[in-house]
Amino acid sequence: NNSFMFRNQPLAKLQKLKIHGKYSILSSEDIRQTLKSNPGLILVTDKIDNYELLLNKIPYPEQIIVEVFSKYDYVRAIKAGIKYPAYSINKEQTLDDVEKYEFPIVILLATKLEEENNAARIAQLHQKGITFFVHHGEICDTPAFIETHLGKNISAIYTDKWYPSGPSPLVKNPHDNNSSH
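Residues numbered from 1 in each chain as written. Predicted model: local features only at pLDDT ≥ 70, side-chain atom pairs only at ≥ 80, totals over all residues. Heavy atoms only, no water.

Description of the overall build of the protein
Under the convention used in this document: The helix count covers DSSP runs of H or I at least four residues long, the strand count covers runs of E at least two residues long, and both are numbered beginning at the N terminus. Here's how the labels work: a residue is buried when its accessible area is under 20% of the maximum for its type, exposed when over 50%, partly exposed in between, all with a 1.4 Å probe on protein chains only. By the convention used here, residues are in contact when the closest approach between their heavy atoms is within 4.5 Å. The Shrake-Rupley method, run with a 1.4 Å probe sphere, supplies the accessible areas, and residue values consider only the shown protein chains as cover.
Scanning the protein from terminus to terminus reveals 8 helices and 8 strands. Taking all 181 residues of the protein together, 35% fall into the buried category. Counted over contacts in the protein with a minimum sequence separation of 6, partners at least 24 positions apart contribute 39%. For the protein, the accessible area works out to roughly 11,100 Å², and carbon and sulfur atoms hold 53% of it.

Some remarks on the nonpolar core
Rules: To qualify as a nonpolar core, a set must consist of buried Ala, Val, Leu, Ile, Met, Phe, Trp, Tyr and Cys residues joined through side-chain atoms within 4.5 Å.
Of all hydrophobic cores here, the largest spans 34 residues; its most connected members are Val 106, Phe 132, Val 134, Phe 145 and Ile 154. When neighbours within four sequence positions are excluded, Val 134 is seen to be in contact with Leu 108, Ala 110, Leu 113, Cys 140, Phe 145, Ile 154, Ala 156, Ile 157 and Tyr 158. Core analysis: the second largest hydrophobic core is formed by 7 residues, Ile 65, Ala 86, Ile 105 and Ala 156 among them.

A look at the pairing of strand E4 (residues 64–68)
Test applied: Criterion used throughout: strands pair if DSSP finds at least two bridges between them. Here, the term right-handed applies to a crossover whose path from the first strand over the helix to the second runs clockwise when the strands point away from the viewer.
Of all the 5 residues making up E4, 5 are buried; the element is thus mostly covered by neighbouring parts of the structure. Neither face of E4 is open: one carries Ile 64, Val 66 and Val 68, the other Ile 65 and Glu 67, and all of them are buried. Relative to E4, strand E3 (residues 43–45) is paired through 3 bridges, and the arrangement is parallel. Paired with Val 44 across the two strands is Ile 65, which belongs to E4. With respect to chirality, the unit in which E3 leads through helix H3 (residues 51–57) into the neighbouring parallel E4 is right-handed. Pairing analysis gives 4 bridges linking E4 to strand E5 (residues 84–89), with the strands arranged parallel. Looking at E5, one finds that Val 68 is bridged to Tyr 87. Between the parallel elements E4 and E5, the chain passes through helix H4 (residues 71–80) in a crossover that is right-handed.

Regarding unusual backbone geometry
For Lys 47, which is not glycine, the phi torsion reads 60° and is therefore positive. Note on Lys 47: relative accessible area 66%, which makes it exposed.

Some remarks on the packing of aromatic side chains
This is how the line gets drawn: Classification of ring pairs rests on two measures: the distance between centres of Phe, Tyr or Trp rings, Trp counted by its six-membered ring, which must be within 6.5 Å, and the angle between planes, read as stacked under 30 degrees, edge-to-face over 60 and tilted in between.
Following the criterion strictly, the structure yields 3 aromatic pairs and no others. Summarising the aromatic geometry, the rings of Tyr 74 and Phe 103 are spaced 4.7 Å apart at their centres and angled 65° between planes, so their arrangement reads as edge-to-face. Taken as a pair, Tyr 74 in helix H4 and Phe 103 in the loop between helix H5 (95–101) and strand E6 (105–109) lie far apart in primary sequence, 29 residues in all. Note on Phe 103: relative accessible area 4%, which makes it buried. Seen in terms of ring centroids, Tyr 101 and Phe 103 are 5.9 Å apart; in terms of plane orientation they differ by 40°. Their pairing is tilted.

Some thoughts on the environment of Ile 157
By the secondary structure assignment, Ile 157 is in strand E8 (residues 156–157). Of the residues examined, Ile 157 reaches a relative accessible area of 9% and is grouped as buried. Along the sequence, Ile 157 and Cys 140 sit 17 residues apart, while their C-alpha atoms lie 7.3 Å from each other.

Brief notes about the pattern of salt bridges
Cut-off, in case you're wondering: Salt bridges, as used here, are contacts in which a Lys or Arg side-chain nitrogen is within 4 Å of a carboxyl oxygen on Asp or Glu.
Under the definition given, this model contains 6 salt bridges. We note a salt bridge from Glu 29 to Arg 32, for which the minimum N-O separation is 2.0 Å. Taken together, the residues Glu 29 and Arg 32, both in helix H2 (residues 28–37) and 3 residues apart, mark about one turn of the helix. Taking the shortest distance from any N to any O, the salt bridge between Lys 71 and Asp 97 comes out at 3.9 Å. With Lys 71 in helix H4 and Asp 97 in helix H5, this residue pair connects regions lying 26 residues apart in the sequence. With relative accessibility at 35%, the residue Lys 71 sits in the partly exposed group. The class for Asp 97 is buried, based on a relative accessible area of 13%. The network of salt bridges with common partners includes Asp 96, Glu 99 and Arg 121.

Quick look at the structure:
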């Protein structure tokens, strides 16, 4: 993690840097304008825990999904005005927590689908209306993974790659008639 190298750098300097030689860094103003111009677009964040600052810079809570890493942060996010906190399952958090607290949006590692009984359990929770996002590039960044799981036991995929010839990595939640994602 080299993020410390970029702290306290002027935005103009950072925006000259290129990611993979072609992508530019976006400012909060860039994101704000993009969301304003595209009301159906959803921003999914991770590792942001200053929810008040996020909403101050990007005042579109209906277009933001924020990954949270504990039940405490889930409540903090709601109190700050985040409409769609996504509960992240890792070593401490479990599918039992998802069932017990009825988190409507859950983020999990793609490897969790491979663990014993998880795929069937996740599919069952998905059918009950829980939205599942998965991530982990080496596993879910393939057309085969997308075709196998998307819409069956997961709702969306965090992906670092895009396969235009494959299915979209984001589908409408069949349980949410008002959803634009």
